[in-house]
Every structure is written in structure tokens, then in C-alpha cells.
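Topology and contacts: notes
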Amino acid sequence: MASHRTVLAESGKAGADGLTSKPSKTRWLILFLISIMYLICYIDRQNISIAQPEIAKAFGLSKTAMSFVLAAFTWAYALGQVPAGSLGDRFGPKKVLTVIMTWWSVAAVMTGAAFGMASLFTARFLLGLGEAGAFPVASRGMQLWFARSERGLIQGTTHFFSRFAIAATPLISGAILLHFGWRAIFYIFGSLGVIWSVVFFAVYRDRPEEHDRVNQAELAQIRGLNTDGTVKALSTVRSKTPWRAILGSPNMWFIAVGYCCFFFGTNFYLTWYATYMREHRHLSITALGLIGSLPLFMGMLGDLVGGFLTDLAYRKTGNAKLARRIVAAPGFLLAAAFLIPAATTNSVWTCIVCMAASFFCLECVIGPAWAVPMDVGGEFSGTVTGVMNGTGALFGASLTPIVYGIFFDKGFWIAPFFINAGVFVLGALIWIFLINPEKSVVDARVRSI
């Protein structure tokens, strides 16, 4: 397709509704809407871990068989990342997010209607395929709505909502499970996405320049100012996706492998954490929803702290490499250090506290990790994020349920945590020596925003 240039109207100088006006806050409404999407996304993917023992019993599935059902989501999630991210870059976040949210809501309901291994596997595969584009496309949307100095915080905030879903799901879904059965969980939460899609389509615009509630003062906060005091206009060159540059960039693959290490660790909490606490640590469903949720709530706090710290470091130094690395690398190392005593202790409380500390440190990585594709991807940040997240899902997250499932099935409840800690150390080394948030992974002629 031939290249063409879309030039948005150039912003004028201060006036009645100009730079002297109080900035509007519309971008924070947009952030809230996207954050709710993250919450629903993680509820839909987390629910199966709560109902896993009941589902396995209903269909006569072993832990190894269930590990492949859990992995079905991740395989589809990985495969759909890059195509969906590219679609978001091409057609805009509004259309793409509306379609994929509706898609995965139907797939979530299908999980509740499953009648055996094949239908359960299919439902989880379709759910993963639907959710694949959510975060890459949302990242592109947020890149257009926020300044570079806010990228760590907004990524931390959206993932805060996703981790809140992980923390709250055991309590809420556990109550539904006890009163209405496991199928009701998927029917109830699967319907939320359709409601969100309607609201999002009505409120969201692909660019703040197109939103009637964004004034010049807020636009100046997002875009910055020219030397003559006018707000910078957004010019986007829409050309073919530079696949050769992206896939041939060593920095792209360092970013992707670093995210594999992160995703391998976090996916434990989405797949086997609830089963581990119920069957090995002998927590009831009620206790799991109360004291067992502490690590998950600490993960939420880590999202905000990591995002805040990386933005603070960037504002103080103007050095994106330092600002991202100084948060991500220590986060990985401390997560590994706390994970070992969590796995080896005989005390349930010590396990929970150490796991909470480990997950807090690990989640501090999320802000810089998701800010980097915005830093290096320019107008193709959706595609770049898709490569990162897809690689992380395919080679990181998809291994988590299988590795833990096989070990747990054989009664080895400690060994996979040592493997996990080693992966975290590898992640820290990659961040320290290889990932460069200041080196573009697209053609140098493409302007980053």
C-alpha cells in the first residue's frame, strides 16, 4: 500500500480555550477505560485457575492434561499478538479493541459451556486469540494519549488493574463457585466485555486531537510546545510496517527475551497459584480469597511503584536507558531472592509473606518493560509491543503451566520455583547488559512520539 501522510490540524496559540486555560483531564478518563479493560481481561483468563479442581473432576482430567488446557490460552495468545498489534497500528485502537473485546467475551462464555476436553481446549484457545491484541493495541492507544514522561506510570496503572483482578478473582469467583457452581463464573464475567465495548466505542477517540473534551492546554501536556509557543501537531507517516527492521533488530529480541523471563514468573499466579495454595499449602477457598490474596495485592502495589520510579528517574535524568534499567534489573534480582524461601519454608505465613515480597519486586518490572516498546517503536509501537508480548507468551508464559503442572503432578512442589528464580536472574542480566530503551527498533526515519 502506498505511503500517505495524515496531518492533524495544527494547534494555535493561547486563546479563550488555549494554553492559558486550565488543562482538561480527558486523558485520565481514557486511562480509566483502558484500565477497566485490563481488569476484565485478567478476570476472564484467571477464572479457570479458581475452578480448575472442579473442572478437572467434572471431565476426569489429570494435572498434566489440565496444564495443556491452560497452555492453550497462552499458545493462541502468543500467535495473535503481532497480527493484532499490527491491525491496531493500521486501523486504530478504537475499532480493533471494540471487536476483540466482544470476541473474547463470547469465548469466556464458551468456557462455561464446555462439555469435555476438546471443547474446553477450544474455548481457551479462542479466548487467548481474542485477548491477544488487547495490550499491544492499548499500548498504541496510550502512546497517542500520553507524554513520554508518563509512560511508566500509565503502564503501571493499567497493570495495577490487571493484578487487582488476579487478587480479587479468588474471593469473588470463589463465592460464585460455592453458591452457583463453576460454570456460572464464566457466564457472569463473560458478559462484562460486551458492556465495556459499547461504552468504549462511544467515549474513545484514536487521538486526543479528535476528542471534543480535550482543550489546547491538555494537548500541550501531551504533545509539548514548539519554539513559538504553539502546541506541536501530530504528523504520522503511515507506511508499510517495517518488518525487516523490527525483526532484524537485536534490541527488539533482547526486549522480547527479557519479557519472556518476566512472563514466565507472573504466569504462575494466573495458572497454578490457586491450586498450589489449596492442595500443597492446604488453604480453603475462603482462606485463599483472604490471606492467600496478599501476594497478589502486593503485586498491584509493585505495578504503581515501578511505573512511578521509572518515570521519576526519566524526568530527573532525561536518560531512558538508566530510567528503565534502574527499576527493572533490581526488581528481577529481588524477586528471585524472595522466591526461594517462599518455596522451601514449612510455614504457610512465611510462604505467603515471601511470595508477596517476590511478586511485589517482580511487578516493579512491568512499568519499564511496557514503556520500552513505546520508547523504541514510534508509530509502530503496537506491532513492537505485539512482538514483545507474543514472544513472552510463546516462549515464557506457555512453559509455566506445563513446567509447574508436570512437577506438581509428580509431587515435586519446590523444584519449579528454583527454575523460576534462575529465569529471574537471567532477566536481570539481560536488562543490565543488553536492552537499550534509547535505540529504535524501526527505521531511523520513522519519528518516535
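Cut-offs used in this document
- Residues numbered from 1 in each chain as written.
- Predicted model: local features only at pLDDT ≥ 70, side-chain atom pairs only at ≥ 80, totals over all residues.
- Heavy atoms only, no water.
- Helix = DSSP H or I, 4+ residues; strand = E, 2+ residues; numbered from the N terminus.
- Buried < 20%, exposed > 50% of the residue type's maximum accessible area, 1.4 Å probe, protein only.
- Contact = heavy atoms within 4.5 Å.
- Areas by Shrake-Rupley, 256 points an atom, 1.4 Å probe, with all protein chains shown as cover.
- Lys, Arg positive; Asp, Glu negative; His and termini not counted.
- Charge placed at Lys NZ, Arg CZ, Asp CG, Glu CD.
- Patch = residues over 30% accessible without salt bridge, like charges linked within 9 Å, V, L, I, M, F, W, Y side chains within 5 Å.
- Salt bridge = Lys/Arg side-chain N within 4 Å of Asp/Glu carboxyl O.
- Expected span 1.5 Å × (residues − 1).
- pLDDT = per-residue confidence, 0-100.
- 1 Å grid on protein atoms, 1.4 Å probe; cavity = no way out; pocket = protein on both sides within 12 Å on 5 of 7 lines; lining within 4 Å.
- Points joined across faces, edges and corners; volume = space filled by probe spheres on them.
- Nonpolar A, V, L, I, M, F, W, Y, C, P; charged D, E, K, R; others polar.

1. Overview of the overall build of the protein
In terms of helices and strands, the protein carries 20 helices and two strands. Judged by the C-alpha coordinates and their principal axes, the protein covers about 70 × 45 × 40 Å. Here the protein, with 449 residues, has 60% of them falling under the buried criterion. In the protein, of all internal contacts separated by at least 6 residues, the share reaching a separation of at least 24 is 85%. Here the protein has roughly 16700 Å² of accessible surface; of this, 68% comes from carbon and sulfur atoms. Measuring between centres, the 36 positive side-chain charges of the protein sit 3 Å from its 22 negative side-chain charges.

2. Topic: a nonpolar patch on the surface
Taken together, the side chains of Leu333, Val425, Leu429, Ile432, Phe433 and Leu434 present a nonpolar region at the surface, about 520 Å² in accessible area. Here the nonpolar patch takes four residues from helix H20 (residues 415-433), the largest share from any one element. With respect to the element layout, valine 425 can be found in helix H20. Residue classification places valine 425 among the partly exposed residues on the basis of a relative accessible area of 36%.

3. Remarks on unusual backbone geometry
A positive phi angle, near 60°, is found at histidine 282, a position not held by glycine. Within the secondary structure layout, histidine 282 lies in the loop between helix H12 (273-280) and helix H13 (285-290).

4. With respect to the side chain of asparagine 436
The residue asparagine 436 is located in the segment after H20 in this model. The class of asparagine 436 is buried, set by a relative accessible area of 17%. Discounting residues that sit within four places of it in the chain, asparagine 436 has contacts with Asn251, Lys321, Arg325 and Val376.

5. What to know about helix H2 (residues 63-91)
Between its first and last C-alpha, H2 extends 41 Å over 29 residues, near the 42 Å set by a 1.5 Å rise per residue. Glycine 92 sits one or two residues past H2 and shows a positive phi near 95°.

6. Thoughts on the confidence of the model for the protein
In this model, the protein carries a mean pLDDT of 86, and residues with pLDDT of at least 70 account for 90%. Note that pLDDT drops below 50 for residues 1-17; the model gives that stretch 41 contacts with residues more than four away or on any other chain. The low-confidence segment residues 445-449 (pLDDT under 50) makes 15 contacts with residues lying over four places distant or belonging to another chain.

7. Structural notes on empty space enclosed by the protein
Taken as a whole, this structure holds three cavities of 30 Å³ or more when the rule is applied. Taken as a whole, the largest cavity holds about 80 Å³ of empty space. Every residue along the wall of the largest cavity is listed here: Arg45, Ile48, Leu70, Phe73, Thr74, Arg124, Asn267, Leu270 and Thr271. Among the elements of the structure, helix H1 (26-59), H2 and helix H11 (250-271) are those that each provide at least two residues to the lining of the largest cavity. For the lining of the largest cavity, the per-class residue count stands at four nonpolar, three polar and two charged.

8. A short note on the environment of lysine 22
Here lysine 22 is to be found in the loop between strand E1 (4-7) and H1. By relative accessible area, lysine 22 is classed as exposed at 71%. The sequence separation of lysine 22 and alanine 217 amounts to 195 residues, and the corresponding C-alpha distance is 6.5 Å. Excluding residues within four positions of it along the chain, lysine 22 makes contact with Asn215 and Ala217.

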